[in-house]
Amino acid sequence: MNHSSTPSTARVFCIANQKGGVGKTTTAINLAAGLATHGKRVLLIDLDPQGNATMGSGIDKSSVSSNLYQVLIGEATIEQARVRSETGGYDVLPANRELSGAEIDLVGMQDRELQLKHAIVPVSTDYDFVLIDCPPTLSLLTLNGLAAAHGVIIPMQCEYFALEGLSDLVNTIKRVHHNINPELMLIGLLRVMFDPRVTLQQQVSAQLVSHFGDKVFRTVVPRNVRLAEAPSHGMPGVVYDKSSRGAQAYIAFGAEMIERVVPAAA
Ligand code: ATP
Ligand code: MG
């Protein structure tokens, strides 16, 4: 803890894309581990009832004593529910199928979209980064994520329909910005599962850059089987095979995020 100045508070980022299977969880886990390798204190919040970010961080989602569900309905705090990912070097707020019930329980609550934001406040000086792995929906859960965040990172594959789906998400971010969370910004688009040998991917990638300019991250994450294998070993790809091209890309992406996010306590 730095005694000479007030402790810095965490920057909070959603990893979101309402399209399924685009690499959100892989990005969340490996960015968390990548930031940890750069010495950053990270909390990874699993906002998806599938619990993939939890399991991929080496935490058994069915055996945790409490999880994000209890936090959202006010029966536990993040301090009580967080678990250390020993393999990843970061903390995890775990999730499992129970979380799907939160949608219903939250509906009757006041400030139902602000529960996650309120829950993060007491732990925000414990971390440099809080990353939220969103489910592939624009649901009340995702809204809680967007309401709690400073920014959104959108992982995407450079495919034909990618740009079309993107406009829905960008509009949602704008609406949340105007109505609920004026701090929310699109931080950037991360090209993932990229295969430079595919001409169409190169074309879509170039289109993205011409549309979104420097909102497209410099780092490109290649399609790399080591990243896909890692979750079954309960560890981030960054740890499972640090020298692989996929791991190296996420370590570089961690450095790019640190560079983009001006440190509050500098
Ligand atoms: P969902 O929408 O279901 O939450 P998601 O967007 O979180 O999915 P992931 O689970 O991260 O997507 O990835 C989908 C699949 O693609 C997984 O099997 C994952 O291992 C694989 N994958 C992700 N990124 C890469 C990559 N760069 N190279 C190879 N495989 C990858
Ligand atoms: Mg996922």
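Use the structure listed above.
Residues numbered from 1 in each chain as written. Chains lettered and ligands numbered in written order. Predicted model: local features only at pLDDT ≥ 70, side-chain atom pairs only at ≥ 80, totals over all residues. Heavy atoms only, no water.

**Description of the sheet that holds strand 3 (residues 83-85)**
The following threshold applies: Note: two strands are recorded as paired if DSSP finds a minimum of 2 bridges between them. By the criteria applied, helices consist of DSSP H or I runs no shorter than four residues and strands consist of E runs no shorter than two, each listed in order from the N terminus. Lines are fitted to the C-alpha atoms to define the axes, a helix being fitted only along its stretch in contact, and any angle between axes, read from their N-to-C directions, falls within 0 to 180 degrees. Note on contacts: a residue pair is in contact if any heavy atoms of the two residues lie within 4.5 Å.
If you walk across this open sheet you meet the eight strands as 3-4-2-5-1-6-7-8, and the pairing is mixed. The open sheet has two edge strands with one neighbour each: strand 3 and strand 8 (216-222). Ignoring which end each strand starts from, the neighbouring axes of this sheet average 25° apart. Lying on the sheet, helix 8 (residues 162-179) is in contact with strand 6 (151-156) and strand 7 (185-194); it crosses strand 6 at an angle near 170°.

**Structural notes on the pairing of strand 4 (residues 90-93)**
Heads up, the condition is: The buried label applies to any residue whose accessible area, calculated with a 1.4 Å probe on protein chains only, is under 20% of its type's maximum; exposed applies above 50%, and partly exposed to all values in between.
Burial of strand 4 is two-sided: the residues Tyr90 and Val92 facing one way and the residues Asp91 and Leu93 facing the other way are all buried. Where strand 2 (residues 42-46) and strand 4 come together, three bridges link them in parallel fashion. Among the inter-strand pairings, Leu43 is bridged to a residue of strand 4, identified as Asp91. Note: strand 3 against strand 4, three bridges, orientation antiparallel. Note on strand 4: the bridge partner recorded for Ser85 is Tyr90.

**So, the layout of surface pockets**
Selection rule: Only protein atoms enter the 1 Å grid, on which a cavity is a set of points fitting a 1.4 Å probe that cannot get out and a pocket is an open set with protein on both sides within 12 Å along at least 5 of 7 lines, lining residues being those with an atom within 4 Å of a point. Grid points are joined across faces, edges and corners, and a volume is the space filled by probe spheres set on the points. Nonpolar residues are Ala, Val, Leu, Ile, Met, Phe, Trp, Tyr, Cys and Pro. Charged residues are Asp, Glu, Lys and Arg, and all others, Gly as well, are polar.
Of the pockets and cavities examined, the largest pocket occupies roughly 260 Å³. Considering the residues around the largest pocket, the lining is formed by 16 residues, among which Gly23, Lys24, Thr25, Thr26 and Asn52 are closest to the centre. Breaking the lining of the largest pocket down by element, the ones donating at least two residues are helix 1 (24-37) and helix 2 (52-56). Ranked by the residues each element gives to the lining of the largest pocket, the list is headed by helix 1, at four residues. The class makeup of the residues in the lining of the largest pocket is seven nonpolar, seven polar and two charged.

**Remarks on unusual backbone geometry**
Phi is positive for Asp111, close to 50°, though the residue is something other than glycine. Summarising the element assignment, Asp111 is placed in the loop between helix 5 (102-107) and helix 6 (115-120). A relative accessible area of 41% places Asp111 in the partly exposed class. Although it is not a glycine, Met193 sits at a positive phi angle of roughly 50°. Within the secondary structure, Met193 sits in strand 7. Under the relative-accessibility criterion, Met193 is labelled partly exposed at 22%.

**Observations regarding the site of ligand 1**
Rule in force here: The near set for a molecule or strand comprises every residue that places at least one heavy atom within 4 Å of it. Counting of polar contacts relies on pairs of N or O atoms within 3.5 Å, with two restrictions inside protein: one atom must be capable of donating a hydrogen and the other of accepting it, and residues adjacent in sequence are counted only when both atoms are side-chain atoms. We get accessible surface area from the Shrake-Rupley algorithm with a probe of 1.4 Å; when it comes to residues, only the shown protein chains can shield them.
Taken together, the neighbourhood of ligand 1 is formed by 18 residues, with Gly21, Lys24, Thr25, Thr26 and Asn224 sitting nearest. Residue Thr26 places a side-chain N or O atom 2.6 Å away from an oxygen atom belonging to ligand 1. Pro222 places a polar main-chain atom, nitrogen or oxygen, 3.0 Å from a nitrogen atom of ligand 1. Contact with the protein chains covers 80% of the free accessible surface of ligand 1, which is 630 Å². Secondary structure elements with two or more residues in the shell around ligand 1: helix 1, strand 8 and helix 10 (225-229).

**Details of the side chain of Arg191**
Which entries qualify depends on this criterion: Charge assignment in this entry is limited to Lys and Arg as positive and Asp and Glu as negative, and neither His nor the chain termini are counted. What makes a salt bridge here is a side-chain nitrogen of Lys or Arg within 4 Å of a carboxyl oxygen of Asp or Glu, nothing more.
One can find Arg191 in strand 7. Buried charge without a partner: Arg191 forms no salt bridge, and the closest opposite charge is Glu256, 7.4 Å away. Engagement of the side chain of Arg191 in a polar contact is seen with the side chain of Ser205, the distance being 2.8 Å. Looking at Arg191, its side chain comes within polar contact range of the main-chain oxygen of Phe217, at 2.9 Å. Filtering out sequence-adjacent residues up to four positions away, Arg191 remains in contact with Met156, Cys158, Ser205, Leu208, Val209, Val216, Phe217, Arg218, Val220 and Val221.

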